[in-house]
Every structure is written in structure tokens, then in C-alpha cells.
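A structural walkthrough
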Amino acid sequence: MNSFSALSETLVNADGAILFDMDGTLIDSEPLWLKAEIEIMAEVGCNWDQQDQINCLGGPAERTELYMQERSKNIKPSGYFIERLFQVMKEKITNELELIPNALDLLKECKDLGIKTALVTASRGDLMRIVLKRFPPNTFDTAISRDDVAKTKPDPAPYLLAAKQLSVDISNCIVFEDSLTGIESGLRAGAKVIGIPHLVQMPDHSDLRVISSLSEINISKVLNWYPFLTSRAESK
């Protein structure tokens, strides 16, 4: 019997859930964001490189807008860059997007065991809905975008809302994140966080566990690390 088969005797704790960031965690969109940013800044005669991307990594969109305005010496009206960025990204996500290796497998394991899941992103709802089409129907029990909260990451509001919609206590939730902004959001919300570094170094924190990639994870390992997600059946 393999480790996943053995989990068939495990009862899921209905008070727990796994909450997934989107960009860079489940979808390989960061290279697409970089390409889009380079194209848009070239349109106004400015250079853009990976260090610029790092400075904006994880959002929120307002921060990226301000940064692009500063880099271009305010050549465009306020709000121009983020709207142009979303226009370009809609096309790239529709036509070029790849999922992070092992993302579908991990989500299927969660579904097979009845573990509640949520997609929680700082991206706009229209982008999130395009991404959701790349996953099997009903993969996630709920999905939260920046449109659903007054303040997005690094504010804790997105993860708190996801937990509320799943009817679980945030302290019984695991968050998967790849950015410092998202990690701060999850930790401030009160969740346990699994960090997957992308271009940044993760901070030390008692509620943060750092892994090198999603490929090294399966649900058996997650449940071993966080046994509060399940409860064993009583012996009869």
C-alpha cells in the first residue's frame, strides 16, 4: 500500500483547508508578467529588467503602477500602466500560460481526500477567471481576487475572506505562497504558510516552512507536517 492509498483511512478535518496563491505558485505566469512589463515599458521608451520585476513581485497593482510611473518619469496619466498591463496579460494568459509542475496532481489529491481548497490571488477577477478555465471544473471550493476585498495582499483580508467562505478557522489553514507580499498576507491572517521562493529570499518565521518547488510536495507530506488537517477514524 502506498502512502496515498493509506490516507483512505484518514478523515478530513472539516475545520481545515489549503489556500493557494495563483501567480508563480500554481501557474507559471511570472515569465509572462516580465515579458508584458518589458513590452509595455518599451512602448514608452524605457528599459525594464528582472530587478524591476523583483521590485514589483507579488503586487499589489497600485505599487506596480507607481513604480512604472516613476521609471517612465510620469509620461502617462495615472492608471495607464496597470490597465495596459492587464490588457497584455489577458492575451498572454489565454494563449501562453503553463501550469506549475505538480499543481494539478496536488489539487487532485486534495479533492480526492475532501480537503477544502481556495484560490487566493492579488490579480483582478477577470484574469483569475481566465486562469480558472485551465483547471478542471470545481477544482477549488472558492476563489478570491483583488476585486473581492477592500485591501489586497499584503493585507490579511484575502486569506481571511477565503477562510470565512470555506467556513473554517484561519488558524487551521495552510497557505501556499511564492512572494514576500503573499507570505506576509498569510502570516498576518494567522495561517500556517508554505513558501516557495521565486527570485526572493524567504524570512524566518515559526509559522513559515520553505520548500524549493511545488514538485517536491504531495498531500501525504503536507498532512504529516500539519496533522490538524485530518483526524483518524475511531477504532471499532
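Summary of the structure given here.

**Re the pairing of strand S2 (residues 17-20)**
Burial of the side chains of S2 extends over both faces: Ala17 and Leu19 are buried on one face and Ile18 and Phe20 on the other. Judged from the four bridges that link them, S2 and strand S3 (residues 116-120) form a sheet pairing that is parallel. Counterpart to leucine 19 in the pairing with S3 is alanine 118. Here four bridges tie S2 to strand S5 (residues 173-177), and the two strands are oriented parallel to one another. In the strand pairing of S5, isoleucine 18 is matched with isoleucine 174.

**Considerations on the packing of helix H2 (residues 30-43) against helix H5 (residues 80-96)**
Packing of H2 against H5 brings their axes to within 9 Å, and their N-to-C directions diverge by 135°. Viewed along their axes, H2 and H5 adopt a mutual orientation that is oblique. Here H2 runs over H5; the crossing is right-handed. In this structure, H2 uses Leu32, Trp33, Lys35, Ala36, Glu37, Glu39, Ile40, Met41 and Glu43 to contact H5, whose residues at the interface are Tyr80, Phe81, Arg84, Leu85, Phe86, Val88, Met89, Lys92, Ile93 and Glu96. Taken together, the residues of the contact of H2 with H5 break down into 12 nonpolar, no polar and seven charged.

**Quick notes on the packing of aromatic side chains**
Taken as a whole, this structure holds six aromatic pairs when the rule is applied. On the basis of an interplanar angle of 75° and a centroid distance of 5.4 Å, the ring pair of phenylalanine 135 and phenylalanine 140 is categorised as edge-to-face. For the pair formed by phenylalanine 135 and phenylalanine 140, the shared burial category is buried.

**Observations regarding the side chain of threonine 25**
With respect to the secondary-structure elements, threonine 25 resides in the loop between S2 and H2. One polar contact links the side chain of threonine 25 to the main-chain amide nitrogen of aspartate 178, over a distance of 3.4 Å. Setting aside anything within four residues of it in sequence, one finds threonine 25 in contact with Ile100, Phe176, Glu177, Asp178, Ile196 and Leu214.

**A word on the pattern of salt bridges**
Going through the model one piece at a time under the given rule, you end up with 13 salt bridges. As a salt-bridge pair, lysine 92 and glutamate 39 come within 3.0 Å of each other at their nearest N and O atoms. On the criterion of sequence distance, the pair formed by lysine 92 in helix H5 and glutamate 39 in helix H2 is long-range, its members being 53 residues apart. Given a relative accessible area of 8%, lysine 92 falls into the buried group. A cluster of three or more residues bridged by salt bridges with shared partners is formed by Lys35, Glu39, Lys92 and Glu96.

**What about the packing of H5 against helix H7 (residues 125-132)?**
At a minimum axis distance of 10 Å, the contact between H5 and H7 shows a crossing angle of 5°. Classified by the angle their axes make, H5 and H7 are roughly parallel. In contact with Phe86, Met89, Lys90, Ile93 and Thr94 of H5, H7 contributes Asp126, Leu127, Ile130 and Val131. Class assignment of the residues belonging to the contact of H5 with H7 gives a composition of six nonpolar, one polar and two charged.

Calculation criteria
- Residues numbered from 1 in each chain as written.
- Predicted model: local features only at pLDDT ≥ 70, side-chain atom pairs only at ≥ 80, totals over all residues.
- Heavy atoms only, no water.
- Buried < 20%, exposed > 50% of the residue type's maximum accessible area, 1.4 Å probe, protein only.
- Helix = DSSP H or I, 4+ residues; strand = E, 2+ residues; numbered from the N terminus.
- Pairing = 2+ DSSP bridges.
- Axes fitted to C-alpha atoms, helices over the stretch in contact; angles between N-to-C directions.
- Parallel < 35°, antiparallel > 145°, perpendicular 65-115°, else oblique.
- Left-handed = near helix turned anticlockwise from the far one by under 90°.
- Contact = heavy atoms within 4.5 Å.
- Nonpolar A, V, L, I, M, F, W, Y, C, P; charged D, E, K, R; others polar.
- Phe/Tyr/Trp six-rings, centres within 6.5 Å; stacked < 30°, edge-to-face > 60°.
- Polar contact = N/O pair within 3.5 Å; in protein donor to acceptor, adjacent residues only side chain to side chain.
- Salt bridge = Lys/Arg side-chain N within 4 Å of Asp/Glu carboxyl O.

So yeah, pure geometry; function would need other evidence.
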